[in-house]
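Letter by letter, the chains look like this.
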Amino acid sequence: MSEILRFDDWTSPVPPVRREVLSATPDSDAERPPVLFVPGPGTPAAVFAEHWLGHAAGRGFPAYALTARPDGDLRAYVHDVVQVAAGLPRQCVLVGHGSGAAIVARALARYPARAAVLVSPMLDRWATVGALLRIDPVRGLRAMLSRRLPVLRSTPAPAGDPPVLVAGSPDDRLVPRSALDRTAARYGGAPLLFPGMPHEMMTAPGWPEPIDAIIDWLEKEPAS
């Protein structure tokens, strides 16, 4: 599956980097689309390998997770996602968590994904920093000074108009319910909610519920 090239890709290419991509594949090939999980910068792909990669593969979806390059900006992160997605055997589903959802939202304008899921999406940098400052002032200050937190000044229209699901928890201390509603409305829907779940729902004790709901949605959407 090809990507959409932009002028700055030719005039100022993103420096190459060795990418860490973890994977889990089903026992048999049901020709379902691959699912590429994208965590936020600073969070390794292993956060998905703990539960969600194997679970998705167990339900018949080839699953991959990408670690963001250590020193990059939003353009570089998006470039890596698009490159990995374009190299998969079939048109894939992009799943971004936290600030990784901002990367996926931008990548959707470059790569015609089969579908996309934004989990606990942190699309507004300064809203995210504000929440961090309230919860953990030291971590919030580091995020404010860091280049690693993606800056999404606007949400571009996805290429090919894929279905987009927004999922999160009304009890997330970093992403309030109002932010979930706004993000889902941008894509013409309502958020899928998991009360009682924390921000890092893929490693929480109740981790099967959100990934099963996401896969159920994929099975009902054109992604299958």
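Computed from a prediction, not measured in an experiment: that's the story for all the values here. (Residues numbered from 1 in each chain as written. Predicted model: local features only at pLDDT ≥ 70, side-chain atom pairs only at ≥ 80, totals over all residues. Heavy atoms only, no water.)

Here the focus is the pattern of salt bridges. The tally for this structure, following the rule as stated, stands at seven salt bridges. In this structure, Asp-80 engages Arg-19 in a salt bridge whose closest nitrogen and oxygen atoms are separated by 3.0 Å. Of the two residues, Asp-80 sits in helix α4 (residues 74–86) while Arg-19 sits in the loop between α1 (7–11) and β1 (21–24), which places them 61 residues apart along the sequence. In this structure Asp-80 comes out as buried when scored by relative accessible area, which is 3%. Arg-19 sits in the partly exposed class, given a relative accessible area of 31%. Of the charged contacts in the structure, one is a salt bridge between Glu-219 and Arg-59, with a shortest N-O distance of 3.1 Å. Of the two residues, Glu-219 sits in helix α9 (residues 208–220) while Arg-59 sits in the loop between α3 (52–58) and β3 (63–66), which places them 160 residues apart along the sequence. Using a relative accessible area of 24% as the deciding quantity, one classes Arg-59 as partly exposed. Residues joined in a network through salt bridges with shared partners are Arg-32, Arg-59, Asp-212, Asp-216 and Glu-219. (Salt bridge = Lys/Arg side-chain N within 4 Å of Asp/Glu carboxyl O. Helix = DSSP H or I, 4+ residues; strand = E, 2+ residues; numbered from the N terminus. Buried < 20%, exposed > 50% of the residue type's maximum accessible area, 1.4 Å probe, protein only.)

Its location among the elements puts His-199 in the loop between β7 (192–193) and α9. A polar atom in the side chain of His-199 sits 2.7 Å from the side chain of Asp-172. Setting aside anything within four residues of it in sequence, one finds His-199 in contact with His-97, Gly-98, Ser-120, Met-122, Asp-172, Leu-174 and Val-175. (Polar contact = N/O pair within 3.5 Å; in protein donor to acceptor, adjacent residues only side chain to side chain. Contact = heavy atoms within 4.5 Å.)

Tracing the backbone shows Pro-156 in the loop between α7 (137–145) and β6 (164–168). We classify Pro-156 as buried; its relative accessible area is 16%. Leave out the neighbours within four places in its chain, and Pro-156 touches Ala-105, Arg-106 and Ala-109.

A few words on the packing of aromatic side chains. Scanning all chains against the criterion turns up three aromatic pairs. Geometrically, the ring pair formed by Phe-48 and Trp-52 is tilted, given 6.1 Å between the ring centres and 40° between the ring planes. Trp-52 matches Phe-48 in its accessibility class, with the two residues each being buried. (Phe/Tyr/Trp six-rings, centres within 6.5 Å; stacked < 30°, edge-to-face > 60°.)

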